[in-house]
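# What the coordinates show
As a plain string of letters, each chain reads:
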Amino acid sequence: MAEKIRIGALISGGGTNLQAIIDSCESGKIDARIVFVGSDNPEARGLERAKKHGIPSFVVPYSEIIRNCREYPETLRLPADFHMEDVLSKQHFFPPGPRKKMEDFFSSRVMAESMLLGKMAGFPFDLLVLAGFMRSLTPYFIDKVNTDPDRPRIMNIHPSLLPAFPGSDGYGDTFRYGCKIGGCTVHFIDYGEDSGPIIGQQAFPIHENDTIDSIKKRGLELEWSLYPACIQLFARNRLRLARETFRIDDKRTIQRTIVHILAAR
Ligand code: GRF
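Residues numbered from 1 in each chain as written. Predicted model: local features only at pLDDT ≥ 70, side-chain atom pairs only at ≥ 80, totals over all residues. Heavy atoms only, no water.

## Quick word on the overall build of the protein chain
Scanning the protein chain for helices and strands turns up eight helices and nine strands. Computed over C-alpha atoms, the radius of gyration of the protein chain comes to 19 Å, within 12% of the 18 Å expected from 2.2 N^0.38 for 265 residues, which places it in the range of a compact globule. In terms of overall dimensions, the protein chain has C-alpha extents of about 55 × 50 × 45 Å along its principal axes. Counting over 265 residues, the protein chain shows a buried share of 45%. Sequence-distant contacts, at least 24 apart, represent 65% of the contacts inside the protein chain between residues at least 6 apart. Entry remark: accessible area of the protein chain is about 14,200 Å², with carbon and sulfur atoms responsible for 53%. Charge-centre separation for the protein chain: the mean point of 35 positive side chains lies 3 Å from the mean point of 33 negative side chains. (Helix = DSSP H or I, 4+ residues; strand = E, 2+ residues; numbered from the N terminus. Rg over C-alpha atoms; globule rule 2.2 N^0.38 Å. Buried < 20%, exposed > 50% of the residue type's maximum accessible area, 1.4 Å probe, protein only. Contact = heavy atoms within 4.5 Å. Areas by Shrake-Rupley, 256 points an atom, 1.4 Å probe, with all protein chains shown as cover. Lys, Arg positive; Asp, Glu negative; His and termini not counted. Charge placed at Lys NZ, Arg CZ, Asp CG, Glu CD.)

In structure tokens, the structure reads:
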């Protein structure tokens, strides 16, 4: 029997992707087991799903932490190993903006993340899956999880065919743009917004009588099979990252990190 990888999951809401992963683990469709579920939102319905399946869970109340940071900045005790310059130089989430605003953003997120890392420390894991986790992760957190740059281990599912429509409303943006095809993408997390190397995608047609709701429904159903399939590729050690250089013309080359999927053995 194949060895099972240990998955940690972070959620914010309904947790239907979490449910699909739990079901795939329980039915043996994927060689994995979920060792914890963490949420930034105490009301997340996904927490109930974890409980029902006997999976340990915890909450890190981001909204409260961010509010405290804003209202009582003098009480901020950032982790000793956090370096603002390092985070600002790595992140490509935001275009350069007012320094104070960026510092406030990253300090409050790192406060929350250090609590998250503290809770996660009790549950060793091989892969961290973001399953509708509606918070951006800073380079501080990402570097703590991705200790080997060639082997990233944070995956996300996004409701659009990336690189189109990053952000919090992929299906809505797809619909409002008048796209004739929508889709979902599983990718590794990098320091940008939904910009990391793509692992898998599924597409669906959009018809004249579709609405945002009908698109969301169609997309979510595809997500429920795409995410477990990508996790299984990770579990079977079939994902390899390669830094590739593409020559565009005489003057320009671009570099990208690509995920290659190895054949099944
Ligand atoms: C999904 O559409 C996912 O792509 C996006 O957030 C939604 C989460 O849904 N990141 P659920 O909580 O898994 O039901």
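What follows continues from the structure just given.
## Here we look at the site of the ligand
Close contacts around the ligand come from Gly14, Gly15, Thr16, Asn17, Gly132, Ile157, His158, Pro159, Leu220 and Glu223, and that covers them all. At 2.9 Å, a backbone N or O of asparagine 17 approaches an oxygen atom of the ligand. Note that an oxygen atom of the ligand is positioned 2.8 Å from one of the side-chain N or O atoms of glutamate 223. In the complex, 83% of the free accessible area of the ligand, which totals 360 Å², lies under the protein chains. When residues of the shell around the ligand are traced back to their parent elements, those giving at least two are helix H1 (16-26), strand E5 (154-158) and helix H8 (212-235). Classifying every residue of the shell around the ligand gives three nonpolar, six polar and one charged. (Near = heavy atom within 4 Å. Polar contact = N/O pair within 3.5 Å; in protein donor to acceptor, adjacent residues only side chain to side chain. Nonpolar A, V, L, I, M, F, W, Y, C, P; charged D, E, K, R; others polar.)

## What to know about the environment of methionine 134
Examined against the element boundaries, methionine 134 turns out to sit in the loop between strand E4 (127-130) and helix H6 (139-145). Taking relative accessible area as the criterion, methionine 134 reaches 54% and is therefore assigned exposed. On a C-alpha basis, the gap between methionine 134 and glycine 13 in space is 8.4 Å, while along the polypeptide they are 121 residues apart. Not counting residues up to four positions away in its chain, the partners in contact with methionine 134 are Ser12 and Ser168.

## A word on the packing of H1 against H8
With their axes 9 Å apart at the nearest point, H1 and H8 run at an angle of 45 degrees to one another. The pairing of H1 with H8 is recorded here as oblique in orientation. Crossing hand, H1 versus H8: right-handed. Residues Thr16, Asn17, Ala20, Ile21 and Ser24 of H1 pack against Leu220, Glu223, Trp224, Tyr227, Pro228 and Ile231 of H8. For the contact of H1 with H8, a count of residues per class yields seven nonpolar, three polar and one charged. (Axes fitted to C-alpha atoms, helices over the stretch in contact; angles between N-to-C directions. Parallel < 35°, antiparallel > 145°, perpendicular 65-115°, else oblique. Left-handed = near helix turned anticlockwise from the far one by under 90°.)

## Here's the deal with the environment of glycine 170
Mapped onto the elements, glycine 170 comes out in helix H7 (residues 170-176). Each residue touching glycine 170, except ones within four places of it in the same chain, is listed here: His158, Pro159, Ser160 and Phe165.

## Some details on the packing of helix H3 (residues 62-71) against helix H5 (residues 99-120)
The geometry of H3 relative to H5 is characterised by a closest axis approach of 9 Å and an angle of 135 degrees between their N-to-C directions. As judged from the angle between their axes, H3 and H5 are oblique. For H3 against H5, the interelement crossing comes out right-handed. Of the residues in H5, those touching H3 at Tyr62, Ile65, Ile66 and Cys69 are Ser108, Arg109, Met111, Ala112, Glu113, Met115 and Leu116. Its residues assigned to classes, the contact of H3 with H5 comprises eight nonpolar, one polar and two charged.

## Concerning the nonpolar core
With 38 residues, the main nonpolar core has Ile21, Ile34, Val129, Met155, Tyr227 and Ile231 as its most contacted residues. Counting residues per element, this core draws most heavily on H8, which supplies eight residues. Those residues within four positions of isoleucine 231 in sequence are excluded, and the remaining contacts are Ile5, Ile7, Ile21, Ile30, Leu127, Val129 and Met155. Leu128, Leu130, Leu137 and Ile154 belong to the second largest nonpolar core, which has 33 residues in total. (Core = buried A, V, L, I, M, F, W, Y, C linked by side-chain atoms within 4.5 Å.)

## Some details on the packing of aromatic side chains
Counted by the stated rule, this structure contains 13 aromatic pairs. Their ring planes at 90 degrees and their centres at 5.1 Å tell us that phenylalanine 105 and phenylalanine 106 sit as a pair that is edge-to-face. Each member of the pair phenylalanine 105 and phenylalanine 106 is classed as buried. Each member of the aromatic cluster is reached from another via a ring pair, and the members are Phe36, Phe58, Phe123 and Phe125. (Phe/Tyr/Trp six-rings, centres within 6.5 Å; stacked < 30°, edge-to-face > 60°.)

## Some remarks on the sheet that holds strand E1 (residues 5-11)
What holds strands together in a sheet is hydrogen bonding between their backbones, with the strands either parallel or antiparallel. Reading across the sheet, the seven strands line up as E3-E2-E1-E4-E5-E6-E7 and stay open at both edges, with mixed pairing between neighbours. Edge positions in the open sheet fall to strand E3 (57-59) and strand E7 (198-205), since each of these has one partner strand only. Within this sheet the neighbouring strands show an average axis-to-axis angle of 20 degrees, counted without direction. (Pairing = 2+ DSSP bridges.)

These figures come from the coordinates and say nothing about function on their own.
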